[in-house]
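Per-entry structural report
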Amino acid sequence: MNFKIIYLTFLGCILTASNLFSQKSTTDKYNFNYGWKLYVGENEEASKVSYNDEKWSDINLPFAWNQEEAFKVDITQLSTGIAWYRKTFQLPENATDKKVFVEFEGVRHMGEVYINGVFIGRHENGVMAFGFDLTPFVKPSPQENVIAVKTDNNWRYKEKLTGSGYQWNDKNFNANYGGIPKNAYIHVKPKVYQTLPLYSTLGTTGTYVYASDFNIVDKKAVIHVSSQVKNETLKPINAQLRVKVQDMKGNIVATFLGDPCIMSPNGMRDLEASKMLENLEFWSWGYGYLYNVYSEVLIDDQPVDVVKIRTGFRKTAFKNGLVYLNDRVMMMKGYAQRTSNEWPSVGMSVPAWLSDYSNQLIVEGNGNLVRWMHVTPWKQDVESCDRVGLLQAMPAGDAESDVHGRRWQQRLELMRDAIIYNRNNPSIVYYECGNEAISEDHMQEMKNIRNQYDAYGGRAIGAREMLDSEVAEYGGEMLYINKSADIPFWATEYNRNEGLRKYWDEYTKPFHKEGTGGTYAHNVNGSKVRDASAYNQNQDAAAIENVVRWYDYWEMRPGTGERVSSGGVNIIFSDTNTHYRGAENYRRSGEVDPMRIPKDGYFAHQVIWDGWVDTDTPKAHILGHWNYEPGVVKDMTVVSTADEVELFVNGKSLGKGKQHKQFLFTFKKVAFKAGNIKAVGYDSKGKQVCSTQMATAGKPEALKLTTIKRSEGTLANGNDLILVQVEVVDKDGNRCLTALNMIDFDVKGEGTFVGGIAQGSDNYVGSSTLPVECGVNRVFVRTTEKAGKIKIKASSDDLKGDVISVETEKANIDKLSKVIPANSLPSYLGKGATPNTPSYNKTREALKIIGAKAVSNQEDVEKSFDDNELTEWSNNSKEASTIEYELSKASEINQVVLKLAGWRTRQYPVRVSVDHKIVYEGLTSLSLGYVTLDLVKTKGKYIKIELVGETSDSDAINLVEITGKVDNAGLEKNSSVEKLRIVEVEFYKNLNLTDRR
């Protein structure tokens, strides 16, 4: 064989191939949202090119065909069925002989795609992005192409091939906004190109950007780019990757090359490049610093394909029970939010700037984590969290249990696709594999997917619970307190109480009595909600409950020992059109209402969540208002991180408040006097550290309109929204916080009225007449496709009306538009870069236990200090209920922390002795996990704990699981009252004695 001839022939092929790319040829990404037609109903002719769709509705994506029902009807009553979307378009002139792909960020639940009358594929999971190669089916410019998409959002939709349903297509939590409620794109690429991260339909993984070898102090890291490249020519090519990194000022801060390699005809392989970069800005909480990473495929030093990845770089670690971001410990503080993240009348299909507004509210309220629930969020919310600096826990698809067979395979496939699609988004730090514990084998399968497709992204993978898992990298129950010295545990959802924003308290119109209203709702398992009082709260009670629940996590925060809680997420952030238990037909456990108007609970969290772990800046918030009727006498509550709080009414001191659960300060029987109420916070030395005040508003005189809109200008694209806020104000412009006036809206010019929400018939959704609640409300106005002025007028009987105008800007609404509005949105950098100081002070020292002795069940004694909350030691009935622990050395001891079986319902009369000296005797309190016993300070080595009477049960903590069942917290039915049952025990020496008032 003549190898020289073969080599020269091969080299010639490469040179010939390179000539194919002598002219610059790069990827174009087009906004495919504009110019669609919609028909709701069966219509099998709609896929044909010749079909006449003139009578169909004109729409722009994203658009769910039933989105006007959002918050108007119960989630189970959202309309379902078939809907068709069609669009006629021309390819760009430069698309000849290029690849053409369509990308949909998602359809609900099924989408069948036809191009020019040809069926090209189906996508069925209702969650993830997907795409198809249109190249063989599209016609070149100037010929027209017709794309048709048949959607089906049936709650009981079954996979065509297997007949299996999808576990996450659930009427409780997955609000069903049908059709194409997300964005769509067209990609035009050369024959040698970087693939799209759309694995399930294209079998490709796209470009992966990650960092390693971090030096946070010196602001250095190695940046890696690995891009899957496909050669769809008939010739071999010599290809190379070139990477350019651009900062937020537009400066190219680095350019580097990978090694060249030869790619065979119709071959596919990953090209790689990496380099150490200096002077990096690291992405952080409230610091959404992002870079543009340009991944270029070079042939003969010429770029033939360029892909831009918007990403950020951050370092994470999950160890010793702690979560680290950029080498700083962070306690999780945030919300378990429904992935639909919906709004009245528009559902989930909002412009990207509005996603930023909503997500940034979480950050400004000092939340650092959003745990999207049950299904993967759409790309718009994922990218929004990147911009605003909000950490994310990303699920794939699940419900309330582990599954097997095809349904488990569906979950694996969805996780694979979600990881590939979202692995370049720095805000994602957790992959969640289940809203309930899954088996170790299943956890390992999920972990294998993470390791295959995102081995270097710095993301922990786990699931709810997983308390004794050897595979999961994080875990945590809902509602309860978990601690760990190994993988971090944070509560995946806590405090599901509900309350309407309209209700301040029992002393304010409409004088809603706390807890009343009942419900027609049922628990997830179909059982009736027996007691709906926790789901019909007033704002004051709901805010207090938020603080009480958070205290249990704060008490066990990092710095309080070796076994700690890493925090938790409150369910939910914004009221949602999903499963509910209160009087209304939607869930009202949000800290903001559906239009993102804050409730008192939002401001309470803003106070108690300040800081990464410990409080950075002391704050105070007075719950409620100061606009009562004469003669009202009521308790006032201040939420504060100060050590003491003093209350003043019209300058007169009412003394210091009674502190409870660290952050609550109660002032009994405060008589209302018009004027001013002020709270002043002091540190332990009496120095003023914070203050806040409220004033009494005057008589309602007028309406005041303001707008919240896209900061870069309101777009005349038929899809942009304006959030119009109306307030009832007094003669000085102060909001009248108890006003409930009806408001009439009128919109003229280049906008259309959409609506808002309030308590009443159909929740006033879509109505141009609706009331303010607590003196304020909001409505949406949508732009038309013509630039011009929108005039918005608000009027109300006996009040002076108001008018406001908004000018809209001409937008590129071509059917293939090069303008993607989200790309120009700014990042939020308000919290600054990660501080290089510790995030907490160590408050106590854990004392090491080296052994224990018990008369009963000696073989189990280590289970009471094994850092495993699913094991325990207990005595046998009729045997001594005593256990004695030995420390590694004699130490001063101040506290015992216990997790006792039945912690939320059972109280134990116990005695604690240190070296035979009694240092505590009493009844343990009920808790959501752990109880802390303050001891008489004593030095010793042996600590005895004994049960000194029968245990007693109580239902004082009225918590019900989402299934409707009451968790017995490890207790069997009719369990013995003579047993001391210790799940975990810890002994501490206080370094800074915390006043746990």
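Quick caveat, the model's predicted, so the values are computed rather than measured.

It is worth spelling out the overall build of the protein chain at this point. Counting its secondary structure elements, the protein chain contains eight helices and 58 strands. Relative to its length of 997 residues, the protein chain is compact, with a C-alpha radius of gyration of 30 Å against a globular reference of 30 Å. Considering only contacts within the protein chain whose residues lie at least 6 apart along the sequence, 74% involve residues at least 24 apart. Accessible area of the protein chain: about 37300 Å², with a carbon and sulfur share of 46%. Taking the 120 positively charged and 127 negatively charged side chains of the protein chain as two groups, their mean positions are separated by 2 Å.

Take the pattern of salt bridges next. Tallied over the entire structure, the rule returns 54 salt bridges. Between Glu232 and Lys99 there is a salt bridge, and its shortest N-O distance comes to 2.9 Å. Of this pair, Glu232 sits in the loop between β15 (220-231) and β16 (237-246) while Lys99 sits in strand β6 (residues 99-104), placing them 133 residues apart in sequence. According to the relative accessible area criterion, Glu232 is partly exposed, its value standing at 23%. By relative accessible area, which is 5% here, Lys99 ends up buried.

What follows concerns unusual backbone geometry. For the peptide bond that leads from Lys509 to Pro510, omega is 10 degrees, which places it in the cis range. Residue Ile572 is reached from Ile571 by a cis peptide bond, and omega for that bond is 10 degrees. Turning to its location among the elements, Ile572 is positioned in the loop between β31 (567-571) and α8 (600-608). Of note in this structure, Asn326 is not a glycine but carries a positive phi near 55 degrees. Inspection of the secondary structure assignment puts Asn326 in the loop between β23 (322-325) and β24 (328-329). A residue is classified by how much of its surface remains accessible, and Asn326, at 3% relative accessible area, is buried. Even without being a glycine, His916 presents a positive backbone phi close to 75 degrees. Mapped onto the secondary structure, His916 falls in the loop between β54 (909-914) and β55 (917-923). A residue is classified by how much of its surface remains accessible, and His916, at 71% relative accessible area, is exposed.

Glancing now at the UniProt feature "domain: DUF4982" (unreviewed entry) in the protein chain. Following the UniProt record, the feature "domain: DUF4982" (unreviewed entry) maps to residues 632-690 here. Overall, residues 632-690 shows 0% helix and 68% strand. The separation of its end C-alpha atoms is 27 Å.

Glancing now at empty space enclosed by the protein. The probe, sized like a water molecule, is rolled over the atoms to show the empty space still left. Applying the stated criterion across every chain yields a total of eight cavities of 30 Å³ or more. What the largest cavity holds in volume is close to 170 Å³. Forming the walls of the largest cavity are 16 residues, and the residues nearest its centre are Arg108, Gly126, Asn174, Lys182 and Met348. Across the lining of the largest cavity, the residue classes tally to nine nonpolar, five polar and two charged.

Bringing the nonpolar core into the picture now. Counting residues in each nonpolar core, the largest one holds 70 residues, and the members touching the most others are Leu369, Leu391, Tyr430, Trp490, Trp550, Ile608 and Val639. Among the elements that take part in this core, helix α7 (residues 539-555) stands out by supplying seven residues, more than any other. Membership of the second largest hydrophobic core comes to 38 residues, among which are Trp168, Ile420, Cys433 and Met446.

Moving on to the confidence of the model for the protein chain. Mean pLDDT over the protein chain stands at 94; residues scoring 70 or higher make up 95%. With pLDDT under 50 throughout, residues 1-23 is counted as low confidence; its partners more than four residues away or in other chains account for 20 contacts.

Looking now at the sheet that holds β31. Sheets are built from strands that pair by backbone hydrogen bonding, the pairs being arranged parallel or antiparallel. The strand order across the open sheet formed by seven strands is β29-β28-β27-β26-β25-β31-β30, and the pairing between neighbours is parallel. At either margin of the open sheet sits one strand with a lone partner, and together these are β29 (460-462) and β30 (491-494). Neighbouring strand axes in the sheet, compared pairwise and without regard to direction, differ in orientation by 25 degrees on average. Pairing between β30 and β31: two bridges, direction parallel.

On to the sheet that holds strand β1 (residues 28-31), then. Here we have four strands laid out as an open sheet, ordered β1-β12-β6-β9, and antiparallel in their pairing. Taken across any chain shown, the strands that pair with only one partner, and hence form the sheet edges, are β1 and β9 (130-133). With strand direction ignored, the average angle separating the axes of adjacent strands in the sheet is 20 degrees.

With that settled, consider α7. When the terminal C-alpha atoms of α7 are compared, their 24 Å separation across 17 residues agrees well with the 24 Å that a helix rising 1.5 Å per residue should span. In terms of residue burial, α7 counts as a mostly covered element, since 14 of its 17 residues are buried.

What follows is about a positive patch on the surface. Together, Arg156, Lys158, Lys171 and Arg407 line one region of the surface with positive charge. Along the chain, Arg156 falls in the loop between β10 (144-152) and β11 (179-180). Relative accessible area serves as the criterion here: at 71%, Arg156 is assigned to the exposed category.

Another aspect to go through is the packing of aromatic side chains. How two aromatic rings sit relative to each other is set out by the distance from centre to centre and by the angle between their planes. Enumeration over the complete set of coordinates arrives at 42 aromatic pairs. Geometrically, the ring pair formed by Phe214 and Phe282 is tilted, given 5.9 Å between the ring centres and 55 degrees between the ring planes. One end of the pair, Phe214, is in strand β14 (residues 207-215); the other, Phe282, is in the loop between β19 (268-277) and β20 (291-299), and 68 residues separate them in sequence. Classification of Phe214 by relative accessible area gives partly exposed; the value is 21%. Among the aromatic residues, those joined into a cluster by ring pairs are Tyr335, Tyr494, Trp550, Tyr553, Phe573, Tyr602, Phe603 and Trp609. When the ring centre of Tyr988 is taken as reference, the NZ or CZ atom of Arg844 above it lies at 3.9 Å.

About the thresholds
In this numbering scheme, every chain counts its residues from 1 along its sequence in written order. Side-chain atom pairs in this predicted model are given and counted only at pLDDT of 80 or more, local residue features only at pLDDT of at least 70, and totals for whole chains, interfaces and linings cover all residues. No hydrogens and no water enter the side-chain calculation; it runs on all heavy atoms of the structure. Put simply, DSSP H or I for four residues or longer makes a helix, DSSP E for two residues or longer makes a strand, and each gets a number counted from the N terminus. C-alpha atoms define the radius of gyration, and 2.2 Å times the number of residues to the power 0.38 defines the globule rule. Should any heavy atoms of two residues lie within 4.5 Å, those residues are counted as being in contact. Note that accessible areas follow from Shrake-Rupley with a 1.4 Å probe, and for residues the cover is restricted to the protein chains shown. Just so you know, the count uses Lys and Arg for positive and Asp and Glu for negative, and it drops His and the chain ends. A single reference atom marks each charge: NZ on Lys, CZ on Arg, CG on Asp, CD on Glu. Any Lys or Arg side-chain nitrogen found within 4 Å of a carboxyl oxygen on Asp or Glu counts as a salt bridge. Three exposure classes are used, based on accessible area relative to the maximum for each residue type with a 1.4 Å probe and protein chains only: buried under 20%, partly exposed in between, and exposed over 50%. UniProt positions are given in the numbering used here, feature names are shortened, and annotations may be inferred rather than shown by experiment. Within this scheme a cavity is a closed region of a 1 Å grid, computed over the protein atoms alone, that accommodates a 1.4 Å probe without allowing it to escape, whereas a pocket is open but has protein on both sides within 12 Å along at least five of seven lines; lining residues each have an atom within 4 Å of a point. Grid points are joined across faces, edges and corners, and a volume is the space filled by probe spheres set on the points. Gly is put with the polar residues, along with every residue not named as nonpolar or charged; the nonpolar set is Ala, Val, Leu, Ile, Met, Phe, Trp, Tyr, Cys and Pro, and the charged set is Asp, Glu, Lys and Arg. In this text, buried Ala, Val, Leu, Ile, Met, Phe, Trp, Tyr and Cys residues form a nonpolar core when linked through side-chain atoms within 4.5 Å. Looking at any residue, its pLDDT shows the predictor's confidence there, from 0 to 100. Whether two strands pair depends on DSSP finding at least two bridges between them. Geometry is summarised by axes, namely lines fitted to C-alpha atoms with helices restricted to the contacting stretch, and by angles between N-to-C directions that run from 0 to 180 degrees. Multiplying 1.5 Å by the residue count of a helix minus one yields the expected span of that helix. What makes a patch is a set of residues exposed beyond 30% relative accessible area and free of salt bridges, joined within 9 Å when like-charged and within 5 Å when nonpolar (Val, Leu, Ile, Met, Phe, Trp, Tyr). Two aromatic rings from Phe, Tyr or Trp, using only the six-membered ring of Trp, form a pair when their centres are within 6.5 Å; if the ring planes differ by under 30 degrees the pair is stacked, by over 60 it is edge-to-face, and anything between is tilted. We count a charge as sitting over a ring when the NZ of a lysine or the CZ of an arginine lies within 6 Å of the ring centre and within 35 degrees of the ring normal.

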